[in-house]
Amino acid sequence: EEIIITPDNEKLVTVGLDNKIAILDIKTGELKTTITLKNKLRCFAIESQSKIAVVGDNKGFVNFLNLEEGIVIKEISSGAPQVSSVAFSPDSKFVAVGTGVAVGYMIKKNPILLIDFNSKEIVKKMQGLEGATTAMRYSYDGTTLYTGHKSNSRTLAKWDLTTGQATIINSVFNVISLGGFTC
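Given the structure is predicted, the values throughout are model-derived calculations rather than measurements.

A. Fine view of the sheet that holds strand 12 (residues 121–126). Sheet architecture is open: four strands sit in the order 9-10-11-12, paired in antiparallel fashion. At either margin of the open sheet sits one strand with a lone partner, and together these are strand 9 (83–88) and strand 12. For this sheet the average axis-to-axis angle between neighbouring strands, irrespective of direction, equals 25°. One ladder, built from five bridges, connects strand 9 with strand 10 (residues 94–99); its direction is antiparallel.

Rendered as structure tokens:
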């Protein structure tokens, strides 16, 4: 599902469909640690100044991991059927979490959550758009969140994080291809 290099450029982290996260030494290729979680992993991000990662799964859980120790620090339920994307704010104070499943004509609006990185608690819940929020990135100043969605349409949205309001940037209805956005 994912391949990420740690911010110190020393380790390669792979996230597999087998519920495992493997951490390898980049220089030697040696497997350093394996972390096995209980559900299928969907998305992954590493905080840039620490050894903490966030992973979302197909049962709606967000796990905070200590990559050095290979342990789960905290597990949070999103209240949604699946976590489909995660992103750190530029100052690493918040983690944005996109949820939902895009199967067929999925029209349910699944939430977008903001989690405080230090307390690891949900501090804001915004009503998402239809289907799954499959891609997300913060603006460089951290005031805006851009999201890509996958349902019976492919939608790009811009979120004002102060108000929680979304502005649709572009939406393409396409009943033949349900391809959406991924990062």
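B. Structural view of a nonpolar patch on the surface. A contiguous nonpolar patch, built from Tyr 146, Leu 156 and Ile 169 and spanning about 250 Å² of accessible area, is present on the exposed surface. Looking at the secondary structure, you find Leu 156 in strand 15 (residues 153–160). Residue Leu 156 is classed as partly exposed on the basis of its relative accessible area, which comes to 30%.

C. The packing of aromatic side chains, seen in detail. Enumeration according to the criterion identifies two aromatic pairs in this entry. Ring centres of Phe 64 and Phe 117 lie 6.3 Å apart, and the angle between their planes is 50°; on these two criteria the pair is classed as tilted. Here the residue Phe 64 occupies a position in strand 7 (residues 61–66), and Phe 117 occupies one in the loop between strand 11 (112–116) and strand 12, the gap between them amounting to 53 residues. By the burial criterion, Phe 64 is buried, and Phe 117 matches it. Geometrically, the ring pair formed by Phe 88 and Phe 117 is edge-to-face, given 5.5 Å between the ring centres and 75° between the ring planes. Residue Phe 88 is found in strand 9, and its partner Phe 117 is found in the loop between strand 11 and strand 12; the two are separated by 29 residues along the sequence. A network of ring pairs unites the aromatic residues Phe 64, Phe 88 and Phe 117 as a single cluster. Directly above the ring of Phe 61 sits Lys 38, whose terminal nitrogen or CZ lies 4.9 Å from the centroid.

D. Highlighting the pairing of strand 7. Burial runs high along strand 7: five of the six residues are buried. Here strand 6 (residues 52–57) runs beside strand 7; their pairing, made up of five bridges, is antiparallel. In the strand pairing of strand 7, Val 54 is matched with Phe 64. Where strand 6 folds back onto strand 7 in an antiparallel hairpin, the turn is made up of three residues, including Gly 60, whose phi is positive at roughly 90°. By the bridge criterion, six bridges tie strand 7 to strand 8 (residues 71–77) in an arrangement that is antiparallel. Counted as the bridge partner of Asn 66 is Ile 71 from strand 8. Hairpin connection of strand 7 to strand 8: four residues between the antiparallel strands, including Gly 70 at a positive phi of 70°.

Criteria and cut-off values
- Residues numbered from 1 in each chain as written.
- Predicted model: local features only at pLDDT ≥ 70, side-chain atom pairs only at ≥ 80, totals over all residues.
- Heavy atoms only, no water.
- Pairing = 2+ DSSP bridges.
- Helix = DSSP H or I, 4+ residues; strand = E, 2+ residues; numbered from the N terminus.
- Axes fitted to C-alpha atoms, helices over the stretch in contact; angles between N-to-C directions.
- Patch = residues over 30% accessible without salt bridge, like charges linked within 9 Å, V, L, I, M, F, W, Y side chains within 5 Å.
- Areas by Shrake-Rupley, 256 points an atom, 1.4 Å probe, with all protein chains shown as cover.
- Salt bridge = Lys/Arg side-chain N within 4 Å of Asp/Glu carboxyl O.
- Buried < 20%, exposed > 50% of the residue type's maximum accessible area, 1.4 Å probe, protein only.
- Phe/Tyr/Trp six-rings, centres within 6.5 Å; stacked < 30°, edge-to-face > 60°.
- Lys NZ or Arg CZ within 6 Å of the ring centre and 35° of its normal.

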